[in-house]
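# Structure at a glance
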Amino acid sequence: MARIFLKTLILRTSLEYLRLHVTFSSTATTRLSPVIFCSSFLQSCSWQFGACSRKLHVEADGPKPSPAAAPDRLPFSTVTQEDLAFFSKILPGRTVTDPDLLESSNVDWLKSVRGSSEVLLRPQTREEVSQILRYCNGRNLAVNPQGGNTGLVGGSVPVYDEIILSTALMNKILSFDSISGILTCQAGCVLENLSLYLEERDYIMPLDLGAKGSCQIGGNVATNAGGLRLLRYGSLRGTVLGLEVVLADGQVLDCLAMLRKDNTGYDLKQLFIGSEGTLGVITAVSILCPRKPKSVNVVFLGCENFEQLLKTFKLCRGMLGEILSAFEFLDSECMRLLNTHLKLPNPISDCPFYVVIETSGSNPTHDGEKLHEFLEEAMTSSLVTDGTVATEDTKIKALWSMRERITEALIHDGFVYKYDISIPVERIYQLVTDMREHLGGRAKSVVGYGHVGDGNLHLNITSPVKDPALLAAIEPFVYEWTASCKGSISAEHGLGLKKRNYIYYSKPSQVVAMMGDIKAMMDPKGILNPYKTLPDNLK
Ligand SMILES: O=C(O)CC[C@@H](O)C(=O)O
Ligand SMILES: [Zn+2]
């Protein structure tokens, strides 16, 4: 009975309220409820599935960093032939000095920060990392720890000639406990590979990012990456159970607990989560993984204004409760860029705002019923004006790409100024509106998208080329606006090189000074990822 009811409801819904193409999913024989979906949209974008947006590289002739962005080079030693001989001895065949091979490690994914390192080290074990750091500390050589190099704030590349210490070859899974769901692996494991490994065992990673095909778990933890599943599974500060870290002087700090509960003193691993490689190099991680949901649905909806979108979020939380796993948004400007630059067609009719809602649960019938009830309520109360639903994997990926590939679409629009703000959710879009008004016609595009469920806005502004006058109009306006709402000027991307000097907009000087004390205690010579995270002039 329930299934027939569902079928009737969704068909009625689609006919009366949604202008949609109705097709049946490939699982329609086992599930009676039809899937509402635009099939032409799916065909046209099927080629790009699995192609992680961060894998698409733009040409390597991007702009050089502005001199103002980098402080003067600190008095570290420079790498000598003797140093290279030492590295080659401990890392035979894994000490890279060929400038062509170093090129992609010297420049960030956005091509906005470019270092001039002459050596890239590729250790495979914590012992090798320990030997490298002990040596560099003794010689006063600066080190830039690097994971997948997908960061957006210039934290993952050298600023000058720092030695690049890549974790890419530290890519072994060390253990997985199928009862507790605790995974322990080396820091260089690529997030997508971990996800595939876990999915075969009926588990998933607690985090998911657009950059999953390239980013590494060590970098994710070092930056406390947020991403698309945070609403459901919380931040890495909760799901990371243990870390192994090599300190600046080469000591190995074993905090690799595999326990959910451990109140024996200070939780030192938290110091390294989000410290962007400035306090130690993470070499292994243990992380609590959720069970793979048996039923996943994704809905793509259109709203007339941001107020309706927020009401939809409130309704969604109330009606979907425990099965809600993501609530993301994009504005019509993002849609325009997806259409123009990536040729991704809008799966629904044009609307000022779009929402991606994901549900994950253990009972497809129960989840389907809840979702349909929510959709009916959202449509009858005119909170949403159009929409489409997917339950089948390929179609789910197609809808997700409308959200995940915005970063890539922006790269094709011009030089991108990126802001990653968290403020009380009611106000997140006001910043975009105010910025548009403030800039007038000076920017090429001003777009807003992000994680509504986490109160996290991604405000991105583009110009045909790098434009210092535009930057001067954006900053400090954007930071002052954020501080006036007691928000964070970096919700999930970190401070890196680009945002380090704006830390005071979100943290009191006393707190920043204490961060400086911790850095001085743990890395007295300051060799680990210099010029990042901490401001140039500690107050
Ligand atoms: O490109 C950005 O500004 C945001 C990237 C990422 O955090 C996202 O949520 O898509
Ligand atoms: Zn994000």
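Look up: the structure comes first, before these words.
Described below are features of the structure shown in this document.

Cut-off values and rules
Residues numbered from 1 in each chain as written. Chains lettered and ligands numbered in written order. Predicted model: local features only at pLDDT ≥ 70, side-chain atom pairs only at ≥ 80, totals over all residues. Heavy atoms only, no water. Helix = DSSP H or I, 4+ residues; strand = E, 2+ residues; numbered from the N terminus. Buried < 20%, exposed > 50% of the residue type's maximum accessible area, 1.4 Å probe, protein only. Contact = heavy atoms within 4.5 Å. Areas by Shrake-Rupley, 256 points an atom, 1.4 Å probe, with all protein chains shown as cover. Arc of directions from axis to C-beta. Donors = N, O, S within 2.8 Å, 3.2 Å for Na, K, Ca; no water. Phe/Tyr/Trp six-rings, centres within 6.5 Å; stacked < 30°, edge-to-face > 60°. Lys NZ or Arg CZ within 6 Å of the ring centre and 35° of its normal. Pairing = 2+ DSSP bridges. Salt bridge = Lys/Arg side-chain N within 4 Å of Asp/Glu carboxyl O. Axes fitted to C-alpha atoms, helices over the stretch in contact; angles between N-to-C directions. Parallel < 35°, antiparallel > 145°, perpendicular 65-115°, else oblique. Left-handed = near helix turned anticlockwise from the far one by under 90°. Nonpolar A, V, L, I, M, F, W, Y, C, P; charged D, E, K, R; others polar. Polar contact = N/O pair within 3.5 Å; in protein donor to acceptor, adjacent residues only side chain to side chain.

## Overview of the overall build of the protein
Along its length, the protein carries 19 helices and 18 strands. Relative to its full complement of 539 residues, the protein shows a buried share of 56%. Counting contacts in the protein only where the partners sit at least 6 residues apart, residues at least 24 apart contribute 76% of the total. In the structure as shown, the protein presents an accessible area of about 22,200 Å², 54% of it carried by carbon and sulfur atoms.

## A closer look at helix H6 (residues 191-199)
Every buried residue belonging to H6 is among Leu 191, Leu 194, Ser 195 and Leu 198, and all of these are buried. Buried residues along H6 cover an arc of 100° about the axis, so they all sit on one side. In the core, the buried residues of H6 are packed alongside strand S7 (173-177), strand S8 (182-186) and helix H7 (217-223).

## What to know about the coordination of the zinc ion (ligand 2)
Coordination angles at a metal have ideal targets, namely 109.5 degrees for four tetrahedral donors and 90 or 180 degrees for six octahedral donors. Coordination of the zinc ion (ligand 2) by the protein is provided by His 451 (NE2), His 458 (NE2) and Glu 492 (OE), with metal-donor distances spanning 1.8 to 2.1 Å. Between consecutive donors of the zinc ion (ligand 2), the numbers of intervening residues give the motif H-x6-H-x33-E. In terms of burial, His 451 and His 458 fall into one category: buried.

## Some remarks on the packing of aromatic side chains
Within the structure shown, the criterion is met by 18 aromatic pairs. Consider the rings of Phe 306 and Phe 353, whose centres lie 5.5 Å apart with planes at 65°: the pair is edge-to-face. Taken together, the positions of Phe 306 in helix H11 (residues 306-320) and Phe 353 in strand S14 (residues 353-361) put the pair 47 residues apart, joining distant regions of the chain. Both residues of the pair, Phe 306 and Phe 353, belong to the buried class. The residue whose ring lies beneath Arg 201 is Tyr 197, and the NZ or CZ to ring-centre distance is 3.7 Å.

## Considering the pairing of S14
Among the nine residues of S14, nine are classified as buried, and the element is accordingly described as predominantly covered. Every second residue of S14 is oriented toward a common face, with Phe 353, Val 355, Ile 357, Thr 359 and Gly 361 on one face and Tyr 354, Val 356, Glu 358 and Ser 360 on the other, all of them buried. As paired strands, strand S12 (residues 295-303) and S14 are joined by nine bridges and run antiparallel to one another. Of the residues in S14, the one forming a bridge with Phe 300 is Val 356. In this sheet, S14 lies alongside strand S13 (residues 324-331) in antiparallel orientation, the contact comprising seven bridges. Within the sheet, the bridge partner assigned to Leu 324 lies in S14 and is Thr 359.

## Here's the deal with the pattern of salt bridges
Applying the stated rule across the entire model yields 21 salt bridges. Across the pair Asp 331 and Arg 436 runs a salt bridge whose closest N-O atoms are separated by 3.1 Å. Linking Asp 331 in strand S13 with Arg 436 in helix H16 (residues 428-439), this pair joins segments that are 105 residues apart in sequence. The class of Asp 331 is buried, set by a relative accessible area of 1%. You can call Arg 436 partly exposed: its relative accessible area is 29%. Two residues, Arg 405 and Glu 408, come together in a salt bridge whose shortest N-O distance is 3.0 Å. Neither Arg 405 nor Glu 408 differs from the other in exposure class; each is buried. Through salt bridges with shared partners, one network takes in Arg 126, Glu 127 and Glu 244.

## Some details on the sheet that holds S7
Taken in spatial order, the five strands make up an open sheet running S7-S8-S11-S9-S10, and their pairing is antiparallel. Of all the strands in the sheet, the pair left with one neighbour each is S7 and strand S10 (252-255). When strand polarity is set aside, the average angle formed by the axes of neighbouring strands in this sheet is 10°. Here strand S9 (residues 240-246) pairs with strand S11 (residues 281-288) via six bridges, running antiparallel. Of the residues in S11, the one forming a bridge with Gly 242 is Ser 286. Against the sheet, helix H5 (residues 126-139) contacts S9, S10 and S11, and its axis sits at roughly 45° relative to S9.

## Structural notes on the packing of H11 against helix H13 (residues 364-380)
In contact at an axis separation of 10 Å, H11 and H13 are set at 150° when each is read in the N-to-C sense. Taken together, H11 and H13 sit at an angle that is classed as roughly antiparallel. Our pair here, H11 against H13, has a crossing hand that is right-handed. Judged by residue contacts, Thr 312, Leu 315, Cys 316, Met 319 and Leu 320 of H11 engage Lys 370, Leu 371, Glu 373, Phe 374, Glu 377 and Ala 378 from H13. Grouping the amino acids of the contact of H11 with H13 by side-chain chemistry returns seven nonpolar, one polar and three charged.

## With respect to the environment of Pro 293
You can see Pro 293 is positioned in the loop between S11 and S12. Since its relative accessible area comes to 18%, Pro 293 is described here as buried. Linking Pro 293 and Ile 204, residues 89 residues apart in sequence, is a C-alpha distance of 8.4 Å. When residues no more than four places from it in sequence are discounted, the contact partners of Pro 293 are Ile 204, Ser 360 and Gly 361.

## Quick notes on the environment of Asn 529
Note that Asn 529 resides in the segment after helix H19 (509-522). Separated by 370 residues in the primary sequence, Asn 529 and Val 159 place their C-alpha atoms 9.1 Å from one another. Not counting residues up to four positions away in its chain, the partners in contact with Asn 529 are Val 143, Asn 144, Pro 145, Gly 155, Glu 276, Gly 277 and Thr 278. A polar contact of 2.8 Å, which involves the side chain of Asn 529, links it to the backbone oxygen of Glu 276.

## What about the pairing of strand S5 (residues 143-146)?
Taking every second residue as pointing to the same face, both faces of S5 are buried, with Val 143 and Pro 145 on one and Asn 144 and Gln 146 on the other. Here S5 pairs with strand S6 (residues 163-166) via four bridges, running parallel. Within S6, the position partnered with Val 143 by the bridge is Ile 163.

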